[in-house]
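Breakdown of the fold
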Amino acid sequence: MEKKIIFLLGIRFFGISRALIIIMTWVFSGCATSPENSHVDNFEPDGYYEPLPSIGKKGYLIKQLASEVYFFSTGVYNNLFIVTSEGVVITDPIKGKGKLLKKAIREITSQPVRFMIYSHSHIDHIGDAHLFAGDGVQIVAQVETGKALKRYRDKNRPLPHINFGTNYSLSIGGITIELMYMGEGHGKGNSIVYIPSRKIMMYVDTVTPKSVPFKNFAYTVDIFSQMKGIEKVLKLDFNTYIAGHLHRPGSKEEMKEVLEYYYASKKASIEAIKKVSFLDVRSKSKTKDVERLFGEYLDAVAEECYRILKPNWKQRLMGFEAFTKGHCDIWIAYHRTQKAP
Ligand SMILES: [Zn+2]
C-alpha cells in the first residue's frame, strides 16, 4: 500500500517515468519502512489520514453523484463530467490521465464531448486537454486562465474559445452549469464549476476535504483573497464538492472545516509572532551571518505556530506534519509584508 501511495504521489509530481525511478531507488536502497531503520526513531507519528482505495489495474474510479453528473478519480487527482442527451461536458483533463477519462466516459455514454471546462491553467490539472480538443469541442475558462495559457504557448493546453469574466452560464441538454470566479486566490483565474440543480460543485486546489491545504497553500498568490473566495463559495447552496485531489468528493461541512483551519493557522501565526522574541533567538544563536540569524528567528516563529496548532488539528486533517509549518511561514510573511497583525 505504501509503495503504491509513493508511486502515485511520485506521478503527481514527477511524471510516470521519474516516479518509477523514485520507487525503484526507494525499494532497492533498503529504505523500505521497517522498525530497524534508524530514521524511524525520529519519525513524528502521522495524525489523521485516510488510506487511498485500491483502484486496481483500471487506474481510475467513477462514481455517479447525481443524475447526469459523474465523479472521476485516479486516486490522487479528480474531476467531474456531465453526460447529457446533447453531449458530454468535461472538466480538467488531468495530465497523463486523458485516455483514462475517455474510457470512463465511454463506460457511461457514446455521446461526443461538446464542452471542456478548465478550472485554472495549471498543467497538472489540464495537461491532457489536447486529447479532447478539435471536433467542435468548445473550451471554456476564465479570462485570466486564457491569458496565462497564451503566455505558456503549450500545445497540450489549447486556448479557450469562451473566456468569461465573473460568471458564465452553460446550458446543455436541460442541465445548467454555472462557472463563477471568486477572485484571485490559487493564482488568477481559478474558477468554480457549480451545478445548482444537483447541489454539486467543483473548487480545485483550495479546500481538499479532511486535509490541510497543500504545501505553502498550494503556491497560492493571494492567501487573504483565497479565504474570502472560500467564504463566498460556502454561501452557495450545495451538498457535495470536488476538490481536484484525492479519491472522494467532500461535503459542505468538510469545506467549512478546512476554512476553519485557514483561520486557525492565521491566528496561531499572530500568537507565535507575539510570543517568540528576536533578541531571545539572537542570544542563543551561534551564527555570525545576519541572514541566517533572521532565518533562525522565522523558523522559531513557524515552529511555535505549529506547536499552537498541533493539539487541535493534527488528528483532524491529513497532511498536518507535512505542511503546517509551511502554512505558518506563509502567514508570517503575510503579516510582515501585507498586513501587520
Ligand atoms: Zn493548481
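Everything discussed here concerns the structure shown above.
Treat the numbers as computed from the prediction; the structure is a model and nothing was measured. (Residues numbered from 1 in each chain as written. Predicted model: local features only at pLDDT ≥ 70, side-chain atom pairs only at ≥ 80, totals over all residues. Heavy atoms only, no water.)

1. Section: the overall build of the chain
Our working definition: Under the DSSP-based scheme used, a helix requires at least four consecutive residues in state H or I and a strand at least two consecutive residues in state E, with every element numbered from the N terminus. Exposure is judged per residue with a 1.4 Å probe applied to protein chains only, and the accessible area is read against the type maximum: over 50% gives exposed, under 20% gives buried, and values in between give partly exposed. Contacts are assigned to residue pairs with any non-hydrogen atoms lying within 4.5 Å of each other. Working definition of accessibility: Shrake-Rupley area with a 1.4 Å probe, residue cover restricted to the visible protein chains.
In terms of regular secondary structure, the chain is built from eleven helices and 13 strands. For the chain, the proportion of its 341 residues judged to be buried stands at 50%. Contacts in the chain between residues far apart in sequence, at least 24 positions, make up 63% of those at least 6 positions apart. Within the structure as shown, the chain displays about 16,800 Å² of accessible surface, and the carbon and sulfur contribution to it stands at 54%.

2. Topic: the coordination of the zinc ion
Just so we agree on the cut-off: Atoms are scored as donors when they are N, O or S and lie within 2.8 Å of the metal, with 3.2 Å used for Na, K and Ca; no water is included, so coordination may look incomplete. Metal sites are grouped by the angles between bound donors: all angles between 85 and 135 degrees with four donors is tetrahedral, opposite donors over 155 degrees apart with the others between 65 and 115 is square planar for four donors and octahedral for six, and any other pattern is irregular.
Protein-derived ligands of the zinc ion are His120 (NE2), His122 (ND1), His186 (NE2) and Asp205 (OD), with the metal-ligand distances lying across 2.1 to 2.2 Å. For the zinc ion, the four donor atoms are set out with angles of 89 to 172° between them, so the coordination reads as irregular. Look at His186 and you get buried, because its relative accessible area is 3%.

3. As for the sheet that holds strand E12 (residues 240-242)
What counts, and what does not: If DSSP finds at least two bridges between two strands, the strands pair.
With mixed pairing, six strands are arranged side by side in an open sheet as E8-E9-E10-E11-E12-E13. What marks the edges here is a single partner per strand, and that holds for strand E8 (167-172) and strand E13 (250-251). The sheet contact formed by E8 and strand E9 (residues 175-181) spans six bridges and is antiparallel. Directly across from Ile172, in E9, lies its bridge partner Ile175.

4. A closer look at the nonpolar core
To be explicit about the condition: What is meant by a nonpolar core is a set of buried Ala, Val, Leu, Ile, Met, Phe, Trp, Tyr and Cys residues, joined one to another through side-chain atoms within 4.5 Å.
If you look at the biggest cluster of nonpolar residues, it comprises 27 residues, and the most contacted ones within it are Phe72, Phe81, Ile90, Ile105, Met116 and Tyr118. Breaking this core down by element, the ones donating at least two residues are strand E2 (69-73), strand E3 (78-84), strand E4 (87-91), helix H3 (98-108), strand E5 (113-117) and strand E6 (138-142). Per-element accounting of this core gives the leading share, four residues, to H3. Those residues in contact with Phe72 that lie beyond four places of it in its chain are Tyr60, Leu61, Tyr77, Asn78, Asn79, Phe81, Ile94, Lys97, Leu100, Leu101 and Ala104.

5. With respect to the sheet that holds E6
Inclusion rule: Here an axis means a line fitted to C-alpha atoms, over the contact stretch when the element is a helix, while the angle between two N-to-C directions is reported on a 0 to 180 degree scale.
In space, the seven strands of this open sheet follow the order E1-E2-E3-E4-E5-E6-E7, with mixed pairing throughout. Only two strands of the sheet have a single neighbouring strand rather than two, namely strand E1 (61-66) and strand E7 (162-164). Averaged over all pairs of adjacent strands, the angle between their axes in this sheet comes to 20°, without regard to strand direction. Note: E2 against E3, five bridges, orientation antiparallel. Considered in E3, the bridge of Val69 is made with Ile82. Its contacts with the sheet place H3 against E1, E2, E3, E4 and E5, and it is angled at close to 35° to E3. In the packing of helix H5 (residues 143-152) onto the sheet, contacts are made with E6 and E7, and the angle to E6 comes to roughly 105°.

Interpretation in functional terms is not warranted from these geometric data alone.
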